[in-house]
Amino acid sequence: MSRIIMYIILALALFSLSYAIFLRYNRGLARNSRGQQFRRYLVASLLASLPSTISLESSWAMAVIAVTAVLWMVTYNILYDKTHRKSSPDYDNHMDIAFGIYLFGWLSCLGAIMAGCGVAGTVVMTIVEVLLLVLPLVQIMYYLIYKVCVDANGMQVVQETNYNEVIEYIKSFKSYKVVMITMATLLAVAMMTIANIQISGNNLLTPHSTHEWAALAVVVALLIFFSIYIWKISHGLFVRTGIVILYNDILEYRKSNKAYKEGRAQRLKSLAVSQPEAPVPHPHTIVMVIGESACRDYMDLYRKQDFPTTPWQSDMNAGDDRFILFSQAYSCAMQTVPSLERALTECNQYNDKDFVTACSIVDIAHKAGYRVHWYSNQGHLGCADTPVTLVAETSDVAKWTKQELNKVQYDQSLLEFMDELNPEVNNLLVLHLKGNHFNYSNRYPEYYAQANGLASGDDVVTYKNSIHYNDHILKSIYDYARQKLNMAAMVYFSDHGAIPYMRRSPRFLGFGMVRIPLWVWLSEEYATIHSDVFQALKDNKDKSFTNDLIYELMCGLMCIQSEHYDTTASIASNQYRYTKEMMTTYDGRIKLTDDKEG
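These remarks concern the structure in this document. (Residues numbered from 1 in each chain as written. Predicted model: local features only at pLDDT ≥ 70, side-chain atom pairs only at ≥ 80, totals over all residues. Heavy atoms only, no water.)

1. A short note on the environment of Lys434
The residue Lys434 is located in the loop between β7 (427–432) and α16 (446–451) in this model. Along the backbone, Lys434 and Tyr410 are 24 residues apart, and their C-alpha atoms lie at a distance of 7.5 Å. Every residue in contact with Lys434, bar those within four places of it in the chain, is listed here: Glu292, Asn377, Gln378, Asp411 and Arg443. (Helix = DSSP H or I, 4+ residues; strand = E, 2+ residues; numbered from the N terminus. Contact = heavy atoms within 4.5 Å.)

Shown next, in the form of structure tokens:
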């Protein structure tokens, strides 16, 4: 068989396997994601198949290389899928597959070069392969023991475990099991060593012809390329695999958690909060709902749409004068974390306070005597979620659906948590929705779309459908809290907006990324007792607002007095001082006055 035919067969086999794994063990994939990975894996397979075709390494050595690469391709994907398929509508672990493909090429290059190094080459190859196999095999063992893939809790335990605890853990197993595992490990290493002894083929380190020199140059060039692309510390493929991302996320969380706790302990010592008059004179609940990627441009509450995307909110706005809709609300950033780390604390674009040392809504609520419940359908301990998590975990109760493996992760799953609140005490309830996050078609159940006559279509259509479902969730929260939790006030806002017909980007691509909904509902009792707050909200409803001032809004609704509450930044106060000319978004880089359509 010619080398060209071998190359084509190997490349097609590698590509077919990788793409099949991607399609089978990832869920809720958008069309552009499928197309992107198709191209990525095809290019990767063509490159990764070159070294072994050039060097003609022994079949046994190639078998070890192939097993190592395939284990990286499948382990995290399969175990994550088996753990989350019943509960999560979407996940995408494509980087593990890409890493496995390029790892095949990198090991093939290394094996071709080590063929000319005798015993040293055999030892190097075996050590490298053993080290690479450790992580997939440990994940498999973890799953066999605990019946779930390694998650945030498991990784946190791993990072906090010392050597003595590891030894004690091993001793907890029966002796025969330890012996069997040890023997199996030694046997596997021995077989890998024997396979690597058989590395022969072309000795690329001693070229004798122009052809062999060219082969050596190609393999060395590929080794250098693969090494940089795979192992680069900042953005290499290895650091973007699922298990390594999880490790780094937990590491970052632990560091941030320590700094945040130290800062919180210091500020709570000096935090003085008074509440001269409660929102209502009996146990009550204040509800804050944080939306995700909701842009008011696609809500008929704000602009006429081709079908009613917000039927309940529109009815409330038309029929209840205590439902105050803000027409000029913007997010302070285009991503969740930079937006919410300001919205949830007293730091904002207009002061010089730092997140780590700033008071949060939870801190203020606790000082005012509220029991805080925080329920989220978002991430928990990812680096991208850490600041939000740090605030949330200071609540009396904090739960995330992603940790509840039997909960389907549509936003309706959050409603079940509301049964945990005690209506006989003062509560602050925070609900963090998945809302209208891309991929939009995964934000609502199929049965809901059918029951409500929602059409299928492109991203704009499915985005509007998700807004319709979001409206249903808001109504459900409102109905439950009014009926069972003595709700005094409810606030809804989004972390940022979205432009559904454009690919998501960290760059500012237009004001659709930051135009958000904001409304406040007050109970009749609250509006009567605090007519000044009610009037201020109505007077300010058409004034400009950025969501990094949500902290001040919530302080105003809870009737707080504190040195850590600036009444002139609260849209619930008649002292609110901000005008559109004073306000910005995107970390102060974009002026709201530049929005000619908002």
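Now that the structure is up, let's keep going.
2. Side note on the packing of helix α7 (residues 152–160) against helix α11 (residues 242–270)
At a closest axis distance of 9 Å, the pairing of α7 and α11 adopts a crossing angle of 65 degrees. Of the possible angle classes, the one that applies to α7 and α11 is roughly perpendicular. Our pair here, α7 against α11, has a crossing hand that is right-handed. On α11, the residues touching Ala152, Met155, Gln156, Gln159 and Glu160 of α7 are Ile243, Leu246, Tyr247, Ile250, Leu251, Tyr253 and Arg254. Grouping the amino acids of the contact of α7 with α11 by side-chain chemistry returns 8 nonpolar, 2 polar and 2 charged. (Axes fitted to C-alpha atoms, helices over the stretch in contact; angles between N-to-C directions. Parallel < 35°, antiparallel > 145°, perpendicular 65-115°, else oblique. Left-handed = near helix turned anticlockwise from the far one by under 90°. Nonpolar A, V, L, I, M, F, W, Y, C, P; charged D, E, K, R; others polar.)

3. Side note on α7
Residues Ala152, Gly154, Met155, Gln156 and Gln159 constitute the buried set of α7. Where α7 is buried, its residues contact α6 (118–146) and α11. Between the side-chain oxygen at the start of α7 and the backbone nitrogen of Gly154 there is a gap of 2.8 Å, and the oxygen is on Asp151. (Buried < 20%, exposed > 50% of the residue type's maximum accessible area, 1.4 Å probe, protein only. Polar contact = N/O pair within 3.5 Å; in protein donor to acceptor, adjacent residues only side chain to side chain.)

4. Observations concerning the pattern of salt bridges
Tallied over the entire structure, the rule returns 16 salt bridges. One continuous salt-bridge network, built from bridges that share partners, spans Asp297, Arg303, Arg515 and Asp595. (Salt bridge = Lys/Arg side-chain N within 4 Å of Asp/Glu carboxyl O.)

5. A few points about the packing of aromatic side chains
The geometry of two aromatic rings is summed up by the distance between their centres and the angle between their planes. Counting across every chain of the model gives 35 aromatic pairs. Judged by centre distance (5.4 Å) and plane angle (70 degrees), the ring pair of Trp106 and Trp231 falls under edge-to-face. You can see Trp106 sitting in helix α5 (residues 94–114) and its partner Trp231 sitting in helix α10 (residues 210–231), a full 125 residues away along the chain. Take Trp106: its relative accessible area is 11%, and that puts it in the buried class. Centre to centre, the rings of Tyr330 and Phe511 are 6.3 Å apart; their planes meet at 80 degrees, and the pair counts as edge-to-face. (Phe/Tyr/Trp six-rings, centres within 6.5 Å; stacked < 30°, edge-to-face > 60°.)

6. Remarks on helix α1 (residues 3–25)
End to end, α1 covers 33 Å across 23 residues, agreeing with the expected 33 Å (1.5 Å per residue, within 8%). Inspection of α1 places Tyr7, Ala11, Leu14, Phe15, Ser18, Tyr19, Ile21 and Phe22 among the buried residues, and these make up the whole buried set. Elements that come into contact with the buried residues of α1 comprise α2 (31–48), α3 (50–55), α4 (59–84) and α5. (Expected span 1.5 Å × (residues − 1).)

7. Overview of a nonpolar patch on the surface
A cluster of nonpolar residues, Val119, Val123, Ile127 and Leu131, forms a patch on the protein surface that exposes about 400 Å² of accessible area. As for its position among the elements, Ile127 is in helix α6. Look at Ile127 and you get partly exposed, because its relative accessible area is 48%. (Patch = residues over 30% accessible without salt bridge, like charges linked within 9 Å, V, L, I, M, F, W, Y side chains within 5 Å. Areas by Shrake-Rupley, 256 points an atom, 1.4 Å probe, with all protein chains shown as cover.)

8. So, the nonpolar core
Core analysis: the biggest nonpolar cluster contains 73 residues, and Leu522, Leu537, Ile550, Leu553, Met554 and Leu557 have the highest contact counts within it. If you tally residues by element for this core, the top one is helix α20 (residues 550–557), at 6 residues. Beyond its immediate sequence surroundings of up to four residues, Ile550 is in contact with Met288, Ala343, Ile361, Phe493, Leu518 and Phe545. Residues Ile54, Ile97, Tyr143 and Cys149 belong to the second largest nonpolar core, which totals 56 residues. (Core = buried A, V, L, I, M, F, W, Y, C linked by side-chain atoms within 4.5 Å.)

9. Details of the side chain of Thr394
As for its position among the elements, Thr394 is in the loop between α15 (386–392) and β6 (397–400). Owing to a relative accessible area of 14%, Thr394 belongs among the buried residues under this scheme. Among the polar contacts made by the side chain of Thr394, one reaches the main-chain carbonyl oxygen of Val391 at a distance of 2.5 Å. With residues near it in sequence (within four places) discarded, Thr394 still touches Tyr260, Arg264, Val362 and His366.

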